[in-house]
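Residue-level structure breakdown
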Amino acid sequence: MSQYYDGTKLLSLSDINGERPEIYICVGNRTAGKSVYFKRLLVNNFKTSGKKFIYLYRFSYQLSGAAEQFFNDIKPLFFEFDEMTQEPISKGLFYRLRLNGEECGFAVALSNVDALKNCRSYFIDVENVLLDEFQSETNHYCSKETEKFQSLHYTIASGMGKQYRYIRTFLVGNFVSLLNIYFVALGIHKRLRNDTKFLRGDGFVLEQTFNESASQSILKSGFAQAFTNKSYSNYASHNIYLNDNTAFVEKMKGSFRYKATIKFENNYYGVREYSENGLVYISDSIDSTYTYILTFSADDHNTNCIMIDRYSVLIAQLRKAFDLGCMRFENLQCKNMMLDVLSYS
C-alpha cells in the first residue's frame, strides 16, 4: 500500500445513476497526501492535455499568494524544473496562473461570484476545479456559500459554443463535521457512516480515506503528545469528525406522547416524550395531524406557525431536559438544531 493517498479508485467511479460524476469529494485524516494528489493531477492534466483549471478559495484576500500556495509543495516532489507564477486580472478580482509562462488556470474566490459572471469569457476552456479544505474547522464560510459555489459552476460551464459544459470539480478536505454545508446540501450527512469507504450520489462520488502512516506520524510526534486535550490530535490522525459529538444520538422505541412540531431554518422536527424512560426525543419525522407548529425566528414564521420566545414553558422544559441529560436525538442534524434553538431562544 502506498504511503500517500491515491485517488485512482475515486476517479474511476460512476455516480449512483451510472453516469460520469461532476463532483469528486475526498475526505480523510491530515497529512495523508490528498491535496498533493489532486494538485499534481491538475498540473499533469494541463501538461499532457492542455486542460486548464481553477484553484478555488472562499475569500478574495486569500488570492494574492495562490501560485505559491498551490505549487510550492508539489514542485520539489514532481515538478522540479517547472515554475508557476500569477498575475492579477480586473484589479485583483481573480488571478491568472501561468506554468512556465503559459496560462494554465486561474485562482478565484467564491466571495466574488457576482462580479465573476461578467468575466465568464476567461473561463471558457477551464475543465477542472479544485476547492481544497472545503470544510472549515471554525465554521467560517461565505454567506450562502453553497449557492455561490453553484453559481460559479454555471458561470464556468458556459462557453465553447455550448449552453453547458462538463466541468470536473474536486472537493478535498479533512474530517471536520458531518454537518458541513456541502454534505448537508448534497444530502451526504444523513448517509455517511464512519466505516463508509465510497459513497455514490446524484452527480457526485465521495471517498472517505484513512492513511495509517500519516496517523502514526502525528500520534508519535512530541507535539501531539504534549497536549493533554487530545481532541484535535484525534481529529488530525483518525477518521473522527472534529466538530461532531454523537453522544445522545440514538433511535427510540416504545410508547410516547407527541409534544410539538418545530420549524427551524425551513425544516420540521418532532418533539416526543417517552415517559417510561424519562426522555425527550427530537427527530426529523413529524405528526402531520398536529396543528401547532412552533418557530423561533421571523424567517421561519408564517400563518401556520406560532412564534415562541425564550421564556416559554416549552423552552424551559426542553432546556431542563437537555441540562439533565434526558434528551435524545435521531441524528446529528436534530441535535444541532436543538443546540441552536436552546442557545438562540
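What comes next concerns the included structure. (Residues numbered from 1 in each chain as written. Predicted model: local features only at pLDDT ≥ 70, side-chain atom pairs only at ≥ 80, totals over all residues. Heavy atoms only, no water.)

**Topic: the overall build of the chain**
- In terms of regular secondary structure, the chain is built from 12 helices and 15 strands.
- The 345 residues of the chain split such that 49% are buried.
- In the chain, of all internal contacts separated by at least 6 residues, the share reaching a separation of at least 24 is 66%.
- With the model as given, the accessible surface of the chain reaches about 17800 Å², and the carbon-plus-sulfur share is 50%. (Helix = DSSP H or I, 4+ residues; strand = E, 2+ residues; numbered from the N terminus. Buried < 20%, exposed > 50% of the residue type's maximum accessible area, 1.4 Å probe, protein only. Contact = heavy atoms within 4.5 Å. Areas by Shrake-Rupley, 256 points an atom, 1.4 Å probe, with all protein chains shown as cover.)

**Quick word on the packing of aromatic side chains**
- This structure, assessed with the given rule, holds 23 aromatic pairs.
- Residues Phe106 and Phe123 carry aromatic rings whose centres are separated by 5.2 Å and whose planes lie at 85° to one another, so their mutual orientation is edge-to-face. Highlighted residues: Phe106 in strand E5 (residues 102-109) and Phe123 in the loop between helix H5 (113-116) and strand E6 (126-132), separated in sequence by 17 residues.
- Looking at Phe106, the relative accessible area reads 0%, which means it is buried.
- Since its relative accessible area comes to 0%, Phe123 is described here as buried.
- Members of the aromatic cluster, each reached through a chain of ring pairs, are Tyr5, Tyr24, Tyr37, Phe38 and Phe170.
- Here the basic side chain of Lys9 rests over the ring of Phe198, its NZ or CZ set 5.8 Å away from the ring centre.
- The aromatic ring of Tyr166 is capped on one face by Arg20, whose charged end is 3.5 Å from the ring centroid. (Phe/Tyr/Trp six-rings, centres within 6.5 Å; stacked < 30°, edge-to-face > 60°. Lys NZ or Arg CZ within 6 Å of the ring centre and 35° of its normal.)

**Focus on the sheet that holds strand E11 (residues 267-274)**
- Reading across the sheet, the 6 strands line up as E14-E13-E10-E11-E12-E15 and stay open at both edges, with mixed pairing between neighbours. A single partner strand is all that each edge strand has here, and the edge strands are strand E14 (305-307) and strand E15 (327-329). Strand-to-strand twist across the sheet, computed as the mean angle between neighbouring axes with direction ignored, equals 30°.
- Pairing of strand E10 (residues 257-264) with E11, which is carried by 7 bridges, proceeds in the antiparallel orientation. Directly across from Thr261, in E11, lies its bridge partner Gly270.
- Relative to the sheet, helix H11 (residues 313-323) contacts E10, E11, strand E12 (279-283), strand E13 (293-295) and E15, its axis offset from that of E15 by approximately 85°. (Pairing = 2+ DSSP bridges. Axes fitted to C-alpha atoms, helices over the stretch in contact; angles between N-to-C directions.)

**Comments concerning the pattern of salt bridges**
- Tallied over the full model, the rule gives 13 salt bridges.
- One salt bridge connects Glu103 with Lys52, and the closest N-O pair in it is separated by 2.7 Å. One end of the pair, Glu103, is in strand E5; the other, Lys52, is in strand E2 (residues 52-57), and 51 residues separate them in sequence.
- Given the relative accessible area of 16%, Glu103 is considered buried.
- A salt bridge links Arg96 to Glu87, with the shortest nitrogen-to-oxygen separation between them at 2.6 Å.
- Taking the relative accessible area as the measure of exposure, Arg96 reaches 14% and is therefore buried. (Salt bridge = Lys/Arg side-chain N within 4 Å of Asp/Glu carboxyl O.)

**So, the environment of Thr196**
- Structurally, Thr196 is set in the loop between helix H7 (181-186) and strand E8 (198-201).
- Here Thr196 falls in the buried class, since its relative accessible area comes to 14%.

**Quick word on the pairing of E2**
- Buried residues dominate E2, accounting for 6 of its 6 residues.
- The alternating pattern of E2 places Lys52, Ile54 and Leu56 on one face and Phe53, Tyr55 and Tyr57 on the opposite face, and all of these are buried.
- Here 5 bridges tie E2 to E6, and the two strands are oriented parallel to one another. Considered in E6, the bridge of Phe53 is made with Asn128.
- With 5 bridges connecting them, E2 and E5 associate as parallel partners. Looking at E5, one finds that Phe53 is bridged to Gly105.

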